[in-house]
Amino acid sequence: MIEEIRLADWLDNTAPGGYLKKLEQDFFAGQLDDLNGIGVAASFGDWDFWPRGLLRLGRSGAAADVWCELPQLPLASGSVQLLLLPHGLELCERPQELLLECFRVLAPYGRLVMSGFNPHSLWRLGLPEKRLGLRSNALPLPRVRRLLGETGFRPELGRFMAYVPPFAGERSLRRWRFMELAGNRWWPAAAAAYGLVAVKTVYPLTPLAEPAGKLREEGAWSLLPGNCRQG
């Protein structure tokens, strides 16, 4: 589990953190265009770019409309159409329980939009590993997909983000920015982070009608002389 204060400090006060935060903000913003209904951002940190129409959950009064702690989500079941969860699985000691809570509060076919670190990227060799402990705290994407499937979600789309080396300086990031295009084409799984959209799947239960022939047979059998009782 990554400590929230460490993640917030790294995102806001380091060049790689600010670089990744901007990429993630663009990813989340792209999922808000077709929002119909109630949207909630469970942002445990200073993600101050959320639009006003979004309900914000968090531990800090300055950055939240509702105070709570993961994995609890103080929302009615089936009341949310879109739930945004930046790095939520890494900030929670019980990620599967958190996903079950997300499934509960989402309406049928509602969407969960999340992001997380890739513990197998080059960033595990640099500053992010020292500050956040990616190798021990980040969940590999195959495990995230498995947890989503076990809790009732179906992955809809995904994006890898941040292929630049984990250098601390802004000048180094600008020099290596060309790797974003190259990484998307040649080594997507080496990205520092991922964005993922999953849908709450609901399977309707439709009672099977009894065949008409079977009903007629049962009715005829009850009227046979051998099955009649005299009073």
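Residues numbered from 1 in each chain as written. Predicted model: local features only at pLDDT ≥ 70, side-chain atom pairs only at ≥ 80, totals over all residues. Heavy atoms only, no water.

1. Section: the packing of helix α1 (residues 4-13) against helix α2 (residues 15-30)
- In contact at an axis separation of 5 Å, α1 and α2 are set at 90 degrees when each is read in the N-to-C sense. It follows that α1 is roughly perpendicular to α2 by the angle criterion. Here α1 contributes W10, L11, D12 and N13 to the contact with α2, which in turn contributes A15, P16, G17, G18, L20 and K21. (Axes fitted to C-alpha atoms, helices over the stretch in contact; angles between N-to-C directions. Helix = DSSP H or I, 4+ residues; strand = E, 2+ residues; numbered from the N terminus. Parallel < 35°, antiparallel > 145°, perpendicular 65-115°, else oblique. Contact = heavy atoms within 4.5 Å.)

2. Digging into the pairing of strand β5 (residues 106-117)
- For β5, the tally of buried residues reaches 10 of 12 residues, placing the bulk of the element in the interior.
- Bridge count for strand β4 (residues 80-86) against β5 is 6 bridges, and the pairing is parallel. Note that in β5 the partner of L84 across the bridge is V113.
- Between the parallel elements β4 and β5, the chain passes through helix α3 (residues 95-105) in a crossover that is right-handed. (Buried < 20%, exposed > 50% of the residue type's maximum accessible area, 1.4 Å probe, protein only. Pairing = 2+ DSSP bridges. Right-handed = clockwise from strand over helix to strand, strands pointing away.)

3. Some details on α3
- P95, L98, L99, E101, C102 and V105 are the residues of α3 that are buried. Buried residues of α3, viewed axially, fall in a sector of 155 degrees; they line one side.
- Elements in contact with the buried residues of α3: β4, β5, α6 (141-150) and β6 (153-161). (Arc of directions from axis to C-beta.)

4. Quick notes on the sheet that holds β4
- Pairing is mixed in the open sheet, where 7 strands are placed in the order β3-β2-β1-β4-β5-β7-β6. Unpaired on one side and paired on the other, β3 (66-67) and β6 mark the two borders of the sheet.
- As paired elements, β5 and strand β7 (residues 193-200) share 7 bridges and run antiparallel to each other. Bridging across to β7, S115 finds its partner in G195.
- Across the face of the sheet, α2 comes into contact with β4, β5, β6 and β7 while running at roughly 165 degrees to β5.

5. Considering the packing of aromatic side chains
- All chains considered together, the criterion is met by 4 aromatic pairs.
- With a centroid separation of 5.9 Å and an interplanar angle of 75 degrees, the aromatic rings of W10 and W123 are classed as edge-to-face. Within this pair, whereas W10 is found in helix α1, its partner W123 is found in the loop between β5 and α4 (127-132), the two being separated by 113 residues in sequence.
- The exposure class of W10 is buried, given its relative accessible area of 0%.
- Residue classification places W123 among the buried positions, given a relative accessible area of 1%.
- Seen from their ring centres, F103 and F153 are 5.6 Å apart, and the 90 degrees between their planes marks the pair as edge-to-face. On the criterion of sequence distance, the pair formed by F103 in helix α3 and F153 in strand β6 is long-range, its members being 50 residues apart.
- Ring-pair connections join several aromatic residues into one group, and the members of that group are W10, F117 and W123.
- Note that K200 overlies the ring of F103, its terminal NZ or CZ placed 4.6 Å from the centroid. (Phe/Tyr/Trp six-rings, centres within 6.5 Å; stacked < 30°, edge-to-face > 60°. Lys NZ or Arg CZ within 6 Å of the ring centre and 35° of its normal.)

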